[in-house]
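One-letter residues, chain by chain:
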Amino acid sequence: MKASKNAVCTVRRLSPCAWAALLAMAASTQVGANTPAAATQPAEVRFNEDFLRLGNGVPLDLSRYNKGNPAEAGRYRADLYVNQVWLGRITVTLKAVGARSGDVATCFDRDLLERVGVDLQRLSPEATALLPGAAPSQQDCVALAQLVPDATAFFDNGEQRLDIGVPQAALRRQARGHVDPSQWDDGVPAALLQYDANHYRSKSAGRSDSQGYVGLVAGGNIGPWRLRHHGSLTTGSARGTHYQGTQTYVQRAVEPWGSQLVVGDAFTEGALFDSFGFRGVQLATDDRMVPESQRGYAPRITGIARGNAVVRVRQNGNLLRETTVAAGAFVIDDLYPTGYGGDLDVEVTEADGSVQVSKVPYAAAVNALRPGITRYRVTAGQLRDSQLHSRPALFQGTVQHGFTNALTGYGGVLLARGYRALVGGAALNTGWGAFGVDLTGTSASLPGQERRSGHSVRLAYTKILAPTDTHVTLAAYRYSSKGYLGLREAVALGEAPGPSRGDGSGLPGGHLRGRLQLMLNQNLPRDMGSFYLSGSTQDYWNREGRDTQFQAGYSKSLGRVNLGLSAARQFDPLRKRWNNTVMLTFGIPLDAGSRQVYTTSSVQRDSSGAIDMRTSAGGVFGEDNAWSYSLNASHGRGGEGASTSSRTGGGATLAHASPVATWRASASAGEGYSQLGVGVSGGVVAHGGGVVFAPAMGETLAIVEAKGANGARVANASGLRVGPGGQAVVSNLAPFASNEVELDPKGLPMSVELKSSTQRVAPTAGAVVKLKFETSGGGRSVLVRVTLADGTPVPFGARVTDAAGQEVGTVAQDGRLLLRSVMVDTARYELAWGEAADQRCSLPLALHDSPVGDSETDRSPAWRVIEARCAI
């Protein structure tokens, strides 16, 4: 095959036949993707060269594209995907194989197989002998298919991604969402500051008042260690200025134990004992260090398959899990926890088409864990409470363990000076619902008083009543005897002046006797909406009356209109009367050009006869929806002592998420009052690469570094873009899990190219990880029409290399070539569309007098094509 220099015909565009060939190629690739082997590696496709010919009728040599985007032999840093699941970043070695030029294969050794998750015990003796180091006759490069039958490996040169497909039977069992701890990233050394500040000024009844607040989270990271300080600064025209620190601690992950170590001022968990502040040391299980499919409670499903079978798990008609299993016993223990629960329907479809169906009870009780899972928490130090003077030494230890699907046991001990408490209980999952029951016993020796002992019993219940689709999400009752005291109650009574009566009269807020809570949700049939009911009541040993309140509501969608009706009833123990409130709301979205405005209106009436009517409208606008607004108006009349009075008011809020902070402003006014408020929130991160400002921050962060990609949108957050320094802060990453960070190159200068637009990372809790997106830029982007000496275009598909031998592009239709990051005014490129000498040419390019678009100053230049000759 060779192209004549004297060819007369010019290929201006693809013919209909050429388009048919490309569509046929795409269709064949799609079909292949449905097979297990092709799930990660595209099948080899032979282009019909008769549809793509040069001007003289000679077909093009397209064999190098038969397997997609070809890669050169060498070492690459790439993302590893196994059966479409990201497992981290690794170094990939590609070596030339076969006699044909350009054929390369990914080389596998024992370490890479283990990283992929292959069960090495299941390898055949012949495959084991092929592994590097296994025998003196080891091969130079071993392909995956030689080691694991039906496995595939495909390296995507453009995405820098290695896709591997391995049959499930050859893999070690791992829970869904598992990220190998070796891929956890502690991040870079950094100092950070998160802030939320606002100032509020109001005027009412001739009196003015101003208030200010600044909430701060400051700290630094070094390796796995995190230093954090939480505090707040408040100011007021009548109260002065005060600063209060709430927590200051050092924290780090303890990977072998799946735990977090905290040293300093922090708080305990309130699962078994009441939560309280402490100053000391705490070591506790961190559920985030296990995959999400292992957190919370979900039952373990076991069964037996007669042959290769498909297992489907459904809940309330929704498919939760589908997997294939081999003959014999199988276990499914990686279901994600679901909202209210509901029995699971397990369907096993055998290879012969027969189906077995069984039920597994599922209603998660309070403190329930999966079978075999253990959680613990150990705290030692001093009690820390700003309302108490005493700081007694204390020790608290709790443990929970899931024994079976039906039983989780838990217990704990709390010891302090003059105080001790023991708790024990169980969570039961049954066909009648999930039950939780525990008993806490306490003993306290108070100064000048006899020893006080007591107990507290807690019962909880959750269930979905399938016949009526009623969700009893929580029904709980707790009874405490007169002698029962929590740790904080015991310390407060010990500090109370004078003798204290046994009924706990010295306790602020009262000495609790019993509490009942109920939450219920009901979906109505035939899409008639939903109904909810919630309420609580509690009484005390040392005062009369009960604190009782409940709410009920109904919601329904009528087309685009959302309708809500709610009622609340609360008993006022001081006035010894009930307060009732009823409210009706309407939500209506309105189309305003390309934007949508959502309006809400409500009418509320209470027991005093007061009626309040409110309406509001809000939406977003601007580039990336960076601006948001809300407008509201209200009118009310009636009420106690003002049956004929009326009240009218209105207000507005405006917020803007800029690249460096989020700004807020509000104003409202009415009869006899006015208000103005401003606020700003965001964060600052200082690291080895500079200082970056962020409009929002969370616990775990990523710093995106893409030099020259100023203005590129970060897809992980609305309105977030790469700043002038080529950096941006991505907040609220999920710790110990796979997070994808993506850059949208739309809007970048034509002279800047992203080598990769997505990266994945698994940060540890509180980490500041750095993600460097490689870019090519700093020159000009040039569009060239390349012709041969006789004026015919250079063949479509010709490879283009620069003076260093680096491939920089491919010739498109009509001989057009786009060159990026051209740094010099004169350069030379080599073009090749075959192996013969007359299928190559040399392209000298001179740009100093060529009018080209300067994308540094104009992101959408009016491109003018440079004409250039390529000499053979």
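Residues numbered from 1 in each chain as written. Predicted model: local features only at pLDDT ≥ 70, side-chain atom pairs only at ≥ 80, totals over all residues. Heavy atoms only, no water.

## Here's the deal with the side chain of threonine 440
Link 1 in the chain: On the secondary structure map, threonine 440 appears in strand S23 (residues 433-444).
Link 2 in the chain: Residue threonine 440 is classed as buried on the basis of its relative accessible area, which comes to 2%.
Link 3 in the chain: Residue contacts for threonine 440: discarding those within four places in its chain leaves Phe273, Leu422, Val423, Gly454, His455, Ser456, Arg478 and Tyr484. (Helix = DSSP H or I, 4+ residues; strand = E, 2+ residues; numbered from the N terminus. Buried < 20%, exposed > 50% of the residue type's maximum accessible area, 1.4 Å probe, protein only. Contact = heavy atoms within 4.5 Å.)

## Quick word on the sheet that holds strand S43 (residues 758-763)
Link 1 in the chain: Sheet architecture is open: four strands sit in the order S6-S43-S41-S39, paired in mixed fashion. Both edges of this open sheet fall to strand S6 (184-185) and strand S39 (713-714), since each of them pairs with a single strand only.
Link 2 in the chain: With two bridges connecting them, S6 and S43 associate as parallel partners. Pairing of aspartate 185 across the sheet is with proline 763, part of S43. (Pairing = 2+ DSSP bridges.)

## Some words on the pairing of strand S5 (residues 161-165)
Link 1 in the chain: Counting buried residues along S5, four of its five residues qualify, which places the element largely inside the surrounding structure.
Link 2 in the chain: For strand S1 (residues 74-82) and S5, the ladder comprises four bridges, and the chain directions are parallel. If you follow valine 82 over to S5, its bridge partner there is isoleucine 164.
Link 3 in the chain: Pairing analysis gives five bridges linking strand S4 (residues 152-156) to S5, with the strands arranged antiparallel. Its bridge partner lying in S5, phenylalanine 155 is registered against leucine 162.
Link 4 in the chain: Hairpin connection of S4 to S5: four residues between the antiparallel strands, including glutamine 160 at a positive phi of 50°.

## Quick word on the sheet that holds S1
To summarise the sheet geometry, strands pair through backbone hydrogen bonds and adopt either a parallel or an antiparallel arrangement.
Link 1 in the chain: Within the open sheet, the five strands sit side by side as S3-S2-S1-S5-S4. Their pairing is mixed. Edge positions in the sheet fall to strand S3 (104-106) and S4, since each of these pairs with one other strand and no more. Each strand axis lies, on average, 35° off the axis of its neighbour in the sheet, ignoring direction.
Link 2 in the chain: Relative to strand S2 (residues 85-96), S1 runs antiparallel, the two being bridged by nine bridges. What sits directly across from tyrosine 81, in S2, is tryptophan 86. (Axes fitted to C-alpha atoms, helices over the stretch in contact; angles between N-to-C directions.)

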